[in-house]
Amino acid sequence: MAVVYRTHVRIIADILNTAKDYSDNGNGVSITLLIRRANVSYGRITKILGRLIDVGLLEEMPEDKSCKYKISERGMEFLKVYSNFHDFVESFGLKI
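The following paragraphs examine the structure supplied in this document. Computed from a prediction, not measured in an experiment: that's the story for all the values here.

**Focus: the overall build of the protein**
Then, number 1: A tally of regular secondary structure across the protein gives 4 helices and 3 strands.
Then, number 2: Counting only C-alpha atoms, the protein reaches 50 × 30 × 25 Å along its principal axes.
Then, number 3: Looking at the protein as a whole, 30% of its 96 residues are labelled buried.
Then, number 4: Restricting to contacts in the protein with at least 6 residues of sequence separation, those with at least 24 account for 49%.

**Considerations on the environment of Ile 35**
Then, number 1: On the secondary structure map, Ile 35 appears in helix α2 (residues 31-38).
Then, number 2: Spatially, the C-alpha atoms of Ile 35 and Gly 56 are 20 Å apart, while their sequence positions differ by 21 residues.
Then, number 3: In contact with Ile 35, not counting residues within four places along its chain, are Val 40, Tyr 42 and Ile 45.

**Considering the pairing of strand β3 (residues 67-71)**
Then, number 1: By the bridge criterion, 2 bridges tie strand β1 (residues 29-30) to β3 in an arrangement that is antiparallel. By the bridge assignment, Ser 30 is partnered in β3 with Lys 68.
Then, number 2: One ladder, built from 5 bridges, connects strand β2 (residues 58-62) with β3; its direction is antiparallel. Residue pairing for β3: Glu 60 is matched across the bridge by Tyr 69.

**Some remarks on the nonpolar core**
Then, number 1: Counting 21 residues, the largest nonpolar core has Ile 15, Leu 16, Leu 34, Ile 45, Leu 49, Leu 52 and Leu 58 as its most contacted members.
Then, number 2: At the level of elements, α1 (8-21), α2, α3 (42-54), β3 and α4 (73-90) are the ones that each hand at least two residues to this core.
Then, number 3: Residue contributions to this core peak at 6 residues, all from α1.

**Considerations on the packing of aromatic side chains**
Then, number 1: The full count for this structure, using the stated rule, is 2 aromatic pairs.
Then, number 2: With a centroid separation of 6.3 Å and 10° between ring planes, the pair formed by Phe 78 and Tyr 82 is classed as stacked. Within this pair, Phe 78 and its partner Tyr 82 are both found in helix α4, separated by 4 residues, close to a single helical turn.
Then, number 3: With 5.0 Å between their ring centres and 75° between their planes, Phe 88 and Phe 92 make a pair best called edge-to-face.
Then, number 4: Given a relative accessible area of 49%, Phe 88 falls into the partly exposed group.

**Some thoughts on the packing of α1 against α4**
Then, number 1: Contact pair α1 / α4: the axes reach a minimum separation of 10 Å and the direction vectors enclose 125°. When the interaxial angle is binned, α1 and α4 end up oblique. Taken as a pair, α1 and α4 cross one another with a handedness that is left-handed. Together, Val 9, Arg 10, Ile 12, Ala 13, Leu 16, Asn 17 and Lys 20 of α1 and Gly 75, Met 76, Phe 78, Leu 79 and Tyr 82 of α4 make up the contact between the two elements.
Then, number 2: Partitioning the contact of α1 with α4 into residue classes produces 8 nonpolar, 2 polar and 2 charged.

Parameters and conventions
Residues numbered from 1 in each chain as written. Predicted model: local features only at pLDDT ≥ 70, side-chain atom pairs only at ≥ 80, totals over all residues. Heavy atoms only, no water. Helix = DSSP H or I, 4+ residues; strand = E, 2+ residues; numbered from the N terminus. Buried < 20%, exposed > 50% of the residue type's maximum accessible area, 1.4 Å probe, protein only. Contact = heavy atoms within 4.5 Å. Pairing = 2+ DSSP bridges. Core = buried A, V, L, I, M, F, W, Y, C linked by side-chain atoms within 4.5 Å. Phe/Tyr/Trp six-rings, centres within 6.5 Å; stacked < 30°, edge-to-face > 60°. Axes fitted to C-alpha atoms, helices over the stretch in contact; angles between N-to-C directions. Parallel < 35°, antiparallel > 145°, perpendicular 65-115°, else oblique. Left-handed = near helix turned anticlockwise from the far one by under 90°. Nonpolar A, V, L, I, M, F, W, Y, C, P; charged D, E, K, R; others polar.

Dropping the structure here:
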């Protein structure tokens, strides 16, 4: 049986979905929750988070000793377009 790996874009979608679904009253989510739910190592997720913040898909919300992450409006738009594209591709029997 072949192992199916996630694409980088799928990992980004998983991170954004976690930030959207688990944010308590817009307070954001911890990096620990993102690591667990998106199933990405700490080293890799810190690089991805930095890029997502730079392009405006996530917002960083500093707290006392840590940061929380909240999906931005642009991130919500990305998820909507990604979901539509994902559904379109699967309608042809393909996987992305």
